[in-house]
Amino acid sequence: MTPRPLRPAHWRATAAAALLALTTACSTGASVSDAEYYLDLSDEPMPASTAELTTVDGDPWTFADVADDRLTLLFFGYTSCPDVCPMTMADINLALDEAGDTAQDFDVVMVSTDPARDTDEQLRSWLDRFDPEFQGVRGDIATTVEAAADYGIAIEAPEETDGGYLVTHGGRIVVLLPDGRAAGMFDEGTESARIAELLPALRDDLL
């Protein structure tokens with residue numbers, strides 16, 4: 001992946017109110033060990049999944065292919081999710097806006113848990129609503145379930161039900177080291193402000 005570009009001024013302006021609210025918290029410096037909403041695995045990172053997937057651009061991709069000079073925020077979700085997935089991606093996007101220049105040390109990858117319906121075009125278009133720099137990755141569902149399990153994320157293959165189509169997604173945002181190992185996870189539902197305040201500490205501790 002190419003380095004994450006500096007965000008345009010008008011993007012930062014939309015987060016001005018949130019940035020103001022964070023000023024006091026950020027000035028004191030958030031501690032990874034004290035963050036109750038973050039599971040710190042840095043002493044014994046989870047091994048990188050060896051699952052082989054494909055980017056929305058059609059390029060082969062493994063979890064060891066994440067940037068070697070940045071951390072990666074990883075989420076397992078799907079584009080037709082009505083609530084958790086879009087909210088999670090929106091929180092990640094806002095957190096990076098709020099984090100300012102620290103955002104340059106983070107990439108974002110979403111792995112589709114509904115690859116049969118999340119075509120390359122659909123996944124790319126959906127992620128573009130949040131940030132064109134977010135990477136979309138797909139694979140067959142068996143490989144996707146395996147990859148999620150490698151990081152302790154429990155998902156299941158989509159299932160047709162009476163009058164519906166049941167798809168599962170992850171809840172946590174996984175923080176990957178440059179070699180694809182998992183150094184920690186944000187709890188499901190962690191708000192953007194809390195993510196943002198911890199990003200500088202994660203960068204300083206892990207890069």
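Placed above this text is the structure.
Below or above, wherever it landed, is the structure these notes cover. Given the structure is predicted, the values throughout are model-derived calculations rather than measurements.

Attention shifts here to the overall build of the protein. The number of helices and strands found in the protein is six helices and ten strands. Relative to its full complement of 207 residues, the protein shows a buried share of 47%. Long-range contacts, defined here as pairs at least 24 residues apart, represent 76% of the contacts in the protein between residues at least 6 apart. Of the accessible surface of the protein, which amounts to about 9,700 Å², a share of 50% is contributed by carbon and sulfur atoms.

As a further point, take the packing of aromatic side chains. Scanning the entire structure with this criterion turns up six aromatic pairs. Both rings, one in Y38 and one in F186, keep their centres 5.0 Å apart while their planes meet at 65 degrees; by these two values the pair is edge-to-face. Note that Y38 is positioned in strand β1 (residues 38-40) and F186 in strand β10 (residues 182-186), a separation of 148 residues in sequence. Both residues of the pair, Y38 and F186, count as buried.

Okay, the side chain of S112 next. Relative to the helices and strands, S112 resides in strand β5 (residues 106-112). There is a polar contact of 3.0 Å between the side chain of S112 and the backbone nitrogen of D114. Excluding its chain neighbours within four sequence positions, the residues that come into contact with S112 are G77, D118, L123, V137, R138 and T144.

So, on to the sheet that holds strand β3 (residues 60-62). Strand order in the open sheet made by the eight strands is β1-β10-β9-β4-β5-β6-β2-β3, with mixed pairing throughout. Two strands bound the open sheet, and with one partner strand each, they are β1 and β3. Strand after strand, the sheet turns through a mean of 35 degrees between neighbouring axes, direction not considered. Here helix α6 (residues 192-206) sits on the sheet and contacts β1, β4 (71-77), β5, β9 (173-176) and β10; the angle it forms with β10, its principal contact strand, is near 170 degrees.

With that settled, the discussion passes to empty space enclosed by the protein. Applying the stated criterion across every chain, the model contains one cavity of 30 Å³ or more. If you add up the space inside the largest cavity, you get close to 30 Å³. Every residue lining the largest cavity is listed: E156, A157, P158, E159, L166, V167 and T168. Its residues assigned to classes, the lining of the largest cavity comprises four nonpolar, one polar and two charged.

Before going further, it helps to spend a moment on a negative patch on the surface. On the surface, a cluster of negative charge is contributed by D40, D43, E44 and D205. By the element assignment, D205 lies in helix α6. With relative accessibility at 54%, the residue D205 sits in the exposed group.

Burial of β9 is two-sided: the residues I173 and V175 facing one way and the residues V174 and L176 facing the other way are all buried. With three bridges connecting them, β4 and β9 associate as antiparallel partners. Bridge pairing in β9 links L74 to V174. Summarising the sheet, β9 and β10 pair through four bridges and their orientation is antiparallel. Residue L176 lies in a different strand from β10, and its bridge partner there is A182. The hairpin formed by β9 and β10 contains five residues between the paired strands, and G180 there has a positive phi angle of roughly 95 degrees.

Where helix α3 (residues 84-98) meets α6, the closest approach of the two axes is 8 Å, and the angle between their N-to-C directions is 45 degrees. Relative to α6, the element α3 is oriented oblique. Remark: the crossing between α3 and α6 carries right-handed chirality. The residues of α6 that touch α3, namely those facing D91, L94, A95, L96 and E98, are S192, A193, I195, A196 and L199. Tallied by class, residues from the contact of α3 with α6 come to seven nonpolar, one polar and two charged.

Conventions we followed
Residues numbered from 1 in each chain as written. Predicted model: local features only at pLDDT ≥ 70, side-chain atom pairs only at ≥ 80, totals over all residues. Heavy atoms only, no water. Helix = DSSP H or I, 4+ residues; strand = E, 2+ residues; numbered from the N terminus. Buried < 20%, exposed > 50% of the residue type's maximum accessible area, 1.4 Å probe, protein only. Contact = heavy atoms within 4.5 Å. Areas by Shrake-Rupley, 256 points an atom, 1.4 Å probe, with all protein chains shown as cover. Phe/Tyr/Trp six-rings, centres within 6.5 Å; stacked < 30°, edge-to-face > 60°. Polar contact = N/O pair within 3.5 Å; in protein donor to acceptor, adjacent residues only side chain to side chain. Pairing = 2+ DSSP bridges. Axes fitted to C-alpha atoms, helices over the stretch in contact; angles between N-to-C directions. 1 Å grid on protein atoms, 1.4 Å probe; cavity = no way out; pocket = protein on both sides within 12 Å on 5 of 7 lines; lining within 4 Å. Points joined across faces, edges and corners; volume = space filled by probe spheres on them. Nonpolar A, V, L, I, M, F, W, Y, C, P; charged D, E, K, R; others polar. Patch = residues over 30% accessible without salt bridge, like charges linked within 9 Å, V, L, I, M, F, W, Y side chains within 5 Å. Salt bridge = Lys/Arg side-chain N within 4 Å of Asp/Glu carboxyl O. Lys, Arg positive; Asp, Glu negative; His and termini not counted. Charge placed at Lys NZ, Arg CZ, Asp CG, Glu CD. Parallel < 35°, antiparallel > 145°, perpendicular 65-115°, else oblique. Left-handed = near helix turned anticlockwise from the far one by under 90°.

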